[in-house]
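Topology and contacts: notes
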Amino acid sequence: MLRAEGVDIANYRYAFDVNPNFIPDIGFSALIRLWKSAGLPFWSMMLAIGAINMAALIRISRTYKIDLTLLIVLWFCHLAVVRDFAQLRIGLAISIFLLAICSQGKLGKLLLYMLSASMHYTAVAGIAAFEACSVVAHLRRPAVRMTIIASLVIATLVLGRMIEQLAFLDPRIQLYMKWEQAGYGAAVDSYGILLLHLIVLCLSLVSRAAWSHDPKIRTLFFMQIAGITSFVALSQVAIFAFRISNVILSLYPVLVIKALSLWRPRIVGRPAEPLVVGGALLIFAMILIMRPGSYNIIGRIRL
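Residues numbered from 1 in each chain as written. Predicted model: local features only at pLDDT ≥ 70, side-chain atom pairs only at ≥ 80, totals over all residues. Heavy atoms only, no water.

Further remarks concern the overall build of the protein. Of the regular secondary structure elements, the protein holds 17 helices and two strands. Evaluated residue by residue, the protein yields a buried proportion of 48% over its 303 residues. Once local pairs closer than 6 in sequence are excluded, the contacts in the protein between residues at least 24 apart make up 69%. (Helix = DSSP H or I, 4+ residues; strand = E, 2+ residues; numbered from the N terminus. Buried < 20%, exposed > 50% of the residue type's maximum accessible area, 1.4 Å probe, protein only. Contact = heavy atoms within 4.5 Å.)

See below:
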């Protein structure tokens, strides 16, 4: 988490050294004040945030009963770079959100949700999507589930075209829409990430017969649909399309690992799980790590 430069690192240093109110998210500015009152340096806060990210991965691997090493590999190939390194507050907010969905108690879950949203407002999108998808996933009738999901997809596509009217919720909406830096306020001009998540959706369907009865995996599958839909709906404004979809799609590595672990491929009538599943994960990891944008961000990391 020790970056030497980046689009926002100067802002975090300014907030830490001069004015914590410079950061509009109340949770993160409170974290800065707490850290400064304890007399701890800036780098130690970055390190602590990285530790929270890792704690979230460990909890998720235990909750969904997946291999932690595979989860870390997929996380580092993509989300660690484009989210946790490049978007520090969002990365922290999502890590707290992941800890929340692993919480057993309702009160603890609610408090973690609130803490997550206080670190970055976009966490609300992930929380709302997860809760909605979880409710739908626990419905017994498949026809009812798919009807509701289809209705939500249509509603999201319509609301996504009205993003400017939601500026009263957060003044940063107008700011981002007019932000010319790196084309953030312009329309999406690269759809590689959309192709990636469509591949994830297809991979999960390979073993659908094995997980279709499990509401937890159905929730992940519906989250994948929600994330893809949000990207398309918000594609007129690149920064919203990428940020909101990244938040909603934060659990996609879990879906990939879980779906492939349930796959039972056979070659010439014999089981071929380790070879085929391992090969599929390797190819997927290579697709992630070969993304050109990843190298630009990795090059700015200094240990």
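Right, let's talk about empty space enclosed by the protein for a bit. Tallied over the entire structure, the rule returns two cavities of 30 Å³ or more. Lining the largest cavity are 14 residues; nearest its centre among them are Leu 57, Leu 71, Trp 75, Leu 98 and Ser 250. Mapped onto the lining of the largest cavity, the elements with two or more residues apiece are helix H3 (42-63), helix H4 (68-77), helix H5 (79-85), helix H6 (88-101) and helix H15 (252-261). At four residues, H3 tops the list of elements feeding residues into the lining of the largest cavity. Class assignment of the residues belonging to the lining of the largest cavity gives a composition of ten nonpolar, three polar and one charged. Estimates place the volume of the second largest cavity at around 40 Å³. Ile 193, Leu 194, His 197, Gly 227, Ile 228, Phe 231, Ser 245, Asn 246 and Leu 249 together form the lining of the second largest cavity. Residue assignment for the lining of the second largest cavity shows that the elements contributing at least two residues are helix H11 (192-206), helix H13 (215-233) and helix H14 (238-248). (1 Å grid on protein atoms, 1.4 Å probe; cavity = no way out; pocket = protein on both sides within 12 Å on 5 of 7 lines; lining within 4 Å. Points joined across faces, edges and corners; volume = space filled by probe spheres on them. Nonpolar A, V, L, I, M, F, W, Y, C, P; charged D, E, K, R; others polar.)

This next bit is on H11. Relative to the 21 Å expected for 15 residues at 1.5 Å per residue, H11 spans 22 Å between its end C-alpha atoms, a close match to the ideal helical length. Within H11 the residues assigned to the buried category are Ile 193, Leu 194, Leu 196, His 197, Val 200, Leu 201, Leu 203 and Ser 204. (Expected span 1.5 Å × (residues − 1).)

Counting across every chain of the model gives ten aromatic pairs. Measuring from centroid to centroid gives 5.5 Å for Tyr 12 and Phe 28, while their planes differ by 50°, and the two rings are tilted. Of this pair, Tyr 12 sits in helix H1 (residues 9-17) while Phe 28 is found in helix H2 (residues 26-37), placing the two residues 16 residues apart along the sequence. Across the pair, Phe 28 and Tyr 12 agree in class, each one buried. Centroid distance Trp 211 to Phe 221: 5.2 Å. Interplanar angle 45°. Geometry classified as tilted. (Phe/Tyr/Trp six-rings, centres within 6.5 Å; stacked < 30°, edge-to-face > 60°.)

This part is about the nonpolar core. Judged by nonpolar contacts, the single largest core of 59 residues is most densely connected at Ile 60, Ile 101 and Leu 251. Per element, the largest residue contribution to this core is eight residues, and it comes from H13. Every residue in contact with Ile 60, bar those within four places of it in the chain, is listed here: Lys 65, Leu 71, Leu 98, Ile 101, Cys 102, Leu 251 and Val 254. The next biggest cluster of nonpolar side chains, apart from the first, holds 19 residues, and it includes Phe 28, Phe 42, Ile 96 and Ala 123. (Core = buried A, V, L, I, M, F, W, Y, C linked by side-chain atoms within 4.5 Å.)

With respect to the helices and strands, the residue Ser 230 is situated in helix H13. On the basis of relative accessibility, which here comes to 5%, the residue Ser 230 falls in the buried class. At 2.7 Å, the side chain of Ser 230 and the backbone oxygen of Gly 227 are in polar contact. Apart from residues no more than four positions distant in its own chain, Ser 230 is found in contact with Thr 156, Ile 244, Ser 245 and Ile 248. (Polar contact = N/O pair within 3.5 Å; in protein donor to acceptor, adjacent residues only side chain to side chain.)

A few words now on the packing of H4 against H15. At a minimum axis distance of 10 Å, the contact between H4 and H15 shows a crossing angle of 135°. Judged by the inter-axis angle, H4 sits oblique to H15. For the pair H4 and H15, the sense of crossing is right-handed. Seen from H4, the contacting residues are Leu 70, Leu 71 and Leu 74; seen from H15, they are Pro 253, Val 254, Val 256 and Ile 257. Classifying every residue of the contact of H4 with H15 gives seven nonpolar, no polar and no charged. (Axes fitted to C-alpha atoms, helices over the stretch in contact; angles between N-to-C directions. Parallel < 35°, antiparallel > 145°, perpendicular 65-115°, else oblique. Left-handed = near helix turned anticlockwise from the far one by under 90°.)

For the pair H1 and H2, interaxial distance at closest approach is 9 Å and the crossing angle is 55°. Judged by the angle between their axes, H1 and H2 are oblique. Relative to H2, the crossing made by H1 is right-handed. Contact residues: H1 offers Tyr 12, Ala 15, Phe 16 and Asp 17, while H2 offers Phe 28, Ile 32, Trp 35 and Lys 36. Considered class by class, the residues forming the contact of H1 with H2 number six nonpolar, no polar and two charged.

Let's shift gears to the pattern of salt bridges. As enumerated under the stated definition, the model contains two salt bridges in all. Ionic pairing is found between Asp 25 and Arg 89, a salt bridge with its closest N-O pair at 2.4 Å. Of this pair, Asp 25 sits in the loop between H1 and H2 while Arg 89 is found in helix H6, placing the two residues 64 residues apart along the sequence. The two residues Asp 25 and Arg 89 agree in class, both being buried. With a closest N to O distance of 3.2 Å, Lys 109 and Glu 131 form a salt bridge. Linking Lys 109 in helix H7 (residues 106-119) with Glu 131 in helix H8 (residues 123-137), this pair joins segments that are 22 residues apart in sequence. (Salt bridge = Lys/Arg side-chain N within 4 Å of Asp/Glu carboxyl O.)

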